[in-house]
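Coordinate analysis (summary)
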Amino acid sequence: MIVRTKLNWLRMLFIWRGSVIRSVLPQLLTVLVISIIVTATHGYIYHYQVELTVAPFTLLGVSLAIFLGFRNSASYDRYWEARKQWGTLLNVGRSLVRQALTIGSLEQSTPQTQQRNKEWVALLAAFAHALRHQLRNTNPEPDLNRLLPPDICAQTLKTQFRPIALLTELGKWVSDGLRKGEYGEITAVAFDRNLNDLSEVVGACERLANTPLPYPYSVMIHRTLYLYCLLLPFGLVSTLDYMTPVISVLVAYTFIALETLADEIEEPFGTLPNDLAIEYFSYGIEHSLQEMIGQSVPEPISGPKQYILL
């Protein structure tokens, strides 16, 4: 996720880092070269002139802009839904820790209750990290080893859906407190309701990660877009002459950059510059929960590198 302060209008024109121009530069150079060749030859290919006017590109451009806008909206909806789910994860985690700190005998400051609360926070933090690793298909072992007891860690690593395994451990923690008389059944139901919310977050994130936009839809827009940009110089050269490369590249930048941005945020849990910074979020959740019980974070949260958070 790109994080940087908003600059004035002039500096915004020349931003390199934090924009998609790095990704679309090869395509823009291709359009530029074709435009220069078309301008130099006045649209002739082997003594045959490609007679195109602006009219078909005007009609096709309107349709293409509508389809690109729709795809961009669909991709951003997925991105925003993913961000809301991680916000819910933080809110529910804070509620669960608050309940543990203020309900029943757990609010008493004894070595036993302090240890129980640390175990609770460690399970919740491990849950956030396990969800992040599952969504990115990365190895959760370092984070789980750091947070969990060896037996729970080993048992969790054997499972395929590790956040759900940790959710079961959270449920066992609640039932163990109920059995010990630390709180009553009504309180246990309140805990269970929040644990159900965590299960909803996992399901929503899995749905977003495993159900991309229909592939033929993306292919259709991609093909139409590039055919439009590559043929555009032939339609402009008769009226714009030497300005054809400039306008062609400008139009291509607008359309190709929109498609590239929509393609990046379509899968919000990836590691591309415009994807969600769920690594930063998971450490932020751990930090927040440990702060609630007066415990410091064992390692600092990594900041943005070249304006990009992972």
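Okay, so let's go over this structure. (Residues numbered from 1 in each chain as written. Predicted model: local features only at pLDDT ≥ 70, side-chain atom pairs only at ≥ 80, totals over all residues. Heavy atoms only, no water.)

1. Structural notes on the overall build of the protein chain
This is how the line gets drawn: A run of H or I in DSSP becomes a helix once it reaches four residues, and a run of E becomes a strand once it reaches two; helices and strands are each numbered from the N terminus. As defined in this context, the radius of gyration uses C-alpha atoms, and a globule is described by 2.2 Å times the residue total to the power 0.38. Only the protein chains shown count as cover for residues, with accessible areas throughout obtained via the Shrake-Rupley method and a probe of 1.4 Å. Residues counted as positive are Lys and Arg, residues counted as negative are Asp and Glu, and His and the chain ends are not counted. Note that the charge is assigned to NZ on lysines, CZ on arginines, CG on aspartates and CD on glutamates.
Helix and strand counts for the protein chain stand at 11 helices and 2 strands. Scanning the protein chain from its N terminus toward the C terminus, one meets helices and strands in the order α-α-β-β-α-α-α-α-α-α-α-α-α. Taking 310 residues into account, the globule formula puts the C-alpha radius of gyration at 19 Å, and the protein chain, at 27 Å, lies well above it. Here the C-alpha coordinates of the protein chain stretch approximately 90 × 35 × 30 Å along the principal axes. For the protein chain, the computed accessible surface area is about 17,100 Å², with 60% contributed by carbon and sulfur atoms. Distance between charge centroids for the protein chain: 4 Å, based on 25 positive and 27 negative side chains.

2. Overview of the layout of surface pockets
To keep it simple, the criterion reads: A cavity, in this analysis, means grid points on a 1 Å lattice covering only the protein atoms where a 1.4 Å probe fits yet has no way out; a pocket is instead an open set bounded by protein on both sides within 12 Å along at least five of seven lines, and a residue lines either one if it has an atom within 4 Å of a point. Grid points are joined across faces, edges and corners, and a volume is the space filled by probe spheres set on the points. Any residue outside Ala, Val, Leu, Ile, Met, Phe, Trp, Tyr, Cys, Pro, Asp, Glu, Lys and Arg is labelled polar, Gly included; the first ten of those are nonpolar and the last four are charged.
Taken as a whole, the largest pocket spans an internal volume of roughly 430 Å³. In this structure, the largest pocket is lined by 20 residues; those nearest its centre are K118, E119, A122, L123 and P149. Put simply, the parts of the chain that give the lining of the largest pocket at least two residues each are α4 (111-136), α5 (141-147) and α7 (162-179). In terms of residues, the lining of the largest pocket owes the most to one element, α4, which gives 7 residues. Of the residues belonging to the lining of the largest pocket, the class tally is 9 nonpolar, 3 polar and 8 charged. Volume-wise, the second largest pocket comes out at about 240 Å³. Lining the second largest pocket are 14 residues, with H133, Q134, L135, N137 and Q160 sitting closest to its centre.

3. Quick word on the pattern of salt bridges
Counted only if it meets this: The working definition used for a salt bridge is a side-chain nitrogen of Lys or Arg within 4 Å of a carboxyl oxygen of Asp or Glu. Relative accessibility decides the category of a residue: with a 1.4 Å probe and only protein chains considered, values under 20% of the type maximum give buried, values over 50% give exposed, and everything between is partly exposed.
If you walk through the whole model with that rule in mind, you get 12 salt bridges. Salt-bridge contacts for D143 lead to R132; the nearest nitrogen and oxygen are separated by 3.3 Å. Here D143, found in helix α5, pairs with R132, found in helix α4; they are 11 residues apart in sequence, far enough to count as distant. An identical accessibility class is assigned to D143 and R132; each is buried. What emerges from the salt-bridge pattern is a single network uniting R116, D176, R179, K180 and E182.

4. Comments concerning the environment of D275
The line we're drawing: Note on definitions: a residue-residue contact is assigned when non-hydrogen atoms from the two residues lie within 4.5 Å. Here a polar contact means two N or O atoms within 3.5 Å. Within protein one must be a hydrogen donor candidate and the other an acceptor candidate, and residues neighboring in sequence count only if both atoms are side-chain atoms.
As for its placement among the helices and strands, D275 is situated in the loop between α10 (244-266) and α11 (278-292). Along the chain, D275 and L309 lie 34 residues apart, while their C-alpha atoms are 9.0 Å from each other. For D275, the residues in contact, after removing those within four places along its chain, are M1, Y79, E264, I265, E267, P268 and G270. A polar contact is formed between the side chain of D275 and the backbone nitrogen of T271, at a distance of 3.4 Å. Of note is the side chain of D275, whose polar atom sits 2.9 Å from the backbone nitrogen of L272.

5. Brief notes about the side chain of N194
Looking at where N194 falls in the secondary structure, it is placed in helix α8 (residues 185-210). Setting aside residues no more than four positions away along its own chain, N194 makes contact with V92, S95, L96 and Q99.

6. Considerations on helix α9 (residues 215-240)
As a reminder of what qualifies: Expected helix span is given by 1.5 Å per residue-to-residue step, counting one fewer step than there are residues.
Taking 1.5 Å of rise per residue, 26 residues should cover 38 Å, and α9 covers 37 Å from first to last C-alpha, within 8% of that figure. Following α9 by one or two positions, D241 adopts a phi angle in the positive range, close to 55 degrees.

7. Re the environment of D241
The residue D241 is located in the loop between α9 and α10 in this model. Put simply, D241 and T39 are 202 residues apart on the chain and 6.2 Å apart in space, counted from C-alpha to C-alpha. Beyond its immediate chain neighbours, meaning those up to four positions away, D241 contacts T39, H42 and L236.

8. Description of the nonpolar core
Put simply, the rule is: Here the nonpolar core consists of buried residues drawn from Ala, Val, Leu, Ile, Met, Phe, Trp, Tyr and Cys, with membership extended through side-chain atoms lying within 4.5 Å.
Core analysis: the biggest nonpolar cluster contains 48 residues, and W86, L89, W120, L148 and L198 have the highest contact counts within it. Going through the elements one at a time, α3 (54-102), α4, α5, α6 (150-157), α7, α8 and α11 are the ones with two or more residues in this core. With 11 residues, the single largest contributor to this core is α4. If we skip the residues at most four places from it in the chain, W86 touches A128, L131, R132, L135, C205, F269, I278, F281, S282 and I285. By size, the runner-up hydrophobic cluster in this structure holds 16 residues, among which are L28, L64, L68 and L236.

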